[in-house]
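Structure assessment
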Amino acid sequence: METVSTARAFGGTQGVYRHASSATGTPMTFSVYLPPHRSGDRMPILWYLSGLTCTHANVTEKGDYRRACADHGIIFVAPDTSPRGDDVPDDDAYDFGKGAGFYVDATEAPWATHFRMRSYIEDELPALIAREFPMADLTRQGITGHSMGGHGALTIALRNVGRFRSVSAFAPISSPLACPWGEKALTGYLCGDRAAWRPYDACALIDDGAVLPDLLVDQGAADPFLAEQLKPELLEQACSRAGIDLTMRLQPGYDHSYYFISTFMADHVAWHAERLAAPRG
């Protein structure tokens, strides 16, 4: 692992790191905020998955999470959204290819070689964090994300029930099977067989039996993608059918941007901190 940069922030350290990924076959960059701590401390982790067009840098520079993470003693990890490099296939559209990995393991050419973000986020990066950051307590993990990253956070948590003590999202794509973004991405990366898409759809996973103890979602009421792409009502309906305790907060006047995310980030960190506080006995 290569250290790209470090900076002092709220008594802790904001770092950016790079490593050669076996999952994607490319270099991958991610950021880690380490709050103030003493030698030997073990601290919980909050994963943040970013949305379309983003890298690790968007939330690192605009997310306003560091003060809250310092206050609550939470490590904040922000990976990239897709593989990068000259040899990685791409698409001219913003919602497919680089910056739009959708947190899937692609099966279709030419994407299958490098677009393996599911394996990277679920397996490879957690193992790297455990090895390189011994203060990280992987028995206390939470996950959140925005838009495409909200979709990623929900589906990863629902596929790995019990791994995450806390799950939240900002304006998630609630059902990729039922929106243009999802239909385009899943058709391209996976194939036209919609049955193969179900592991990448939060509502389908819930209907197929996956459960979470509770879930926090913030959604801007002035979000231009609300009706066509995000469809939070589908997530509400799925959680209602499954008896999942969903807190859905529709925030008047807020859009889809980091102005929205940064406004409610401290709320989410505090919500996760409650659930991540005590090591399991």
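On a predicted model such as this, the values are computed, not experimentally measured, just so you know.

Next up on the list: the overall build of the protein. For the protein, the count of helices and strands is nine helices and nine strands. Taken over the C-alpha trace, the protein has a radius of gyration of 18 Å; the compact-globule value for 281 residues is 19 Å, and the two agree within 12%. Taking all 281 residues of the protein together, 59% fall into the buried category. A separation threshold of at least 6 residues defines the contact pool for the protein, and within that pool the share at least 24 residues apart is 71%. When the accessible area of the protein is evaluated, it comes to approximately 10900 Å², of which 49% is carbon and sulfur surface.

This part takes up the packing of aromatic side chains. Under the defined criterion, the tally for this structure stands at 15 aromatic pairs. Centroid distance Tyr 254 to Phe 264: 5.0 Å. Interplanar angle 70 degrees. Geometry classified as edge-to-face. With Tyr 254 in the loop between β9 (245–251) and α9 (258–276) and Phe 264 in helix α9, this residue pair connects regions lying 10 residues apart in the sequence. The class of Tyr 254 is partly exposed, set by a relative accessible area of 28%. Since its relative accessible area comes to 9%, Phe 264 is described here as buried. Pairwise contacts between aromatic rings join Tyr 33, Tyr 48, Tyr 65 and Phe 76 into one cluster. Above the plane of the ring of Tyr 65 lies Arg 66, whose end atom (NZ or CZ) is 4.8 Å from the centre. A cation over a ring is seen here: Arg 275 above Trp 271, with NZ or CZ 3.8 Å from the ring centre.

Further remarks concern the side chain of Ser 175. Structurally, Ser 175 is set in the loop between β7 (166–170) and α5 (180–189). Polar side-chain contacts of Ser 175 include one of 2.7 Å to the side chain of Asp 201. In this view, Ser 175 contacts Asp 201, Cys 203 and Leu 234; residues no more than four positions away in its chain are not counted.

What follows deals with the nonpolar core. In terms of nonpolar packing, the biggest core is built from 88 residues, with Phe 76, Ile 129 and Tyr 189 touching the most fellow members. Counting residues per element, this core draws most heavily on α9, which supplies eight residues. Excluding its chain neighbours within four sequence positions, the residues that come into contact with Tyr 189 are Phe 96, Gly 97, Ala 100, Gly 101, Phe 102, Val 104, Ala 106, Thr 107, Glu 108, Trp 111 and Phe 115.

Below, the discussion takes up the pairing of strand β4 (residues 43–49). Among the seven residues of β4, seven are classified as buried, and the element is accordingly described as predominantly covered. One ladder, built from six bridges, connects β4 with strand β6 (residues 136–145); its direction is parallel. In the strand pairing of β6, Trp 47 is matched with Ile 143.

A few words on the pattern of salt bridges. Taken as a whole and judged by the stated rule, the model has 15 salt bridges. Residue Arg 38 is joined to Asp 41 by a salt bridge in which the shortest nitrogen-to-oxygen separation is 3.7 Å. Assessed through its relative accessible area of 64%, Arg 38 is described here as exposed. Between Asp 214 and Arg 275 there is a salt bridge, with its nearest N and O atoms 3.0 Å apart. Of this pair, Asp 214 sits in strand β8 (residues 214–220) while Arg 275 sits in helix α9, and the two are 61 residues apart along the sequence. Classification of Arg 275 by relative accessible area gives partly exposed; the value is 24%.

Criteria and thresholds
- Residues numbered from 1 in each chain as written.
- Predicted model: local features only at pLDDT ≥ 70, side-chain atom pairs only at ≥ 80, totals over all residues.
- Heavy atoms only, no water.
- Helix = DSSP H or I, 4+ residues; strand = E, 2+ residues; numbered from the N terminus.
- Rg over C-alpha atoms; globule rule 2.2 N^0.38 Å.
- Buried < 20%, exposed > 50% of the residue type's maximum accessible area, 1.4 Å probe, protein only.
- Contact = heavy atoms within 4.5 Å.
- Areas by Shrake-Rupley, 256 points an atom, 1.4 Å probe, with all protein chains shown as cover.
- Phe/Tyr/Trp six-rings, centres within 6.5 Å; stacked < 30°, edge-to-face > 60°.
- Lys NZ or Arg CZ within 6 Å of the ring centre and 35° of its normal.
- Polar contact = N/O pair within 3.5 Å; in protein donor to acceptor, adjacent residues only side chain to side chain.
- Core = buried A, V, L, I, M, F, W, Y, C linked by side-chain atoms within 4.5 Å.
- Pairing = 2+ DSSP bridges.
- Salt bridge = Lys/Arg side-chain N within 4 Å of Asp/Glu carboxyl O.

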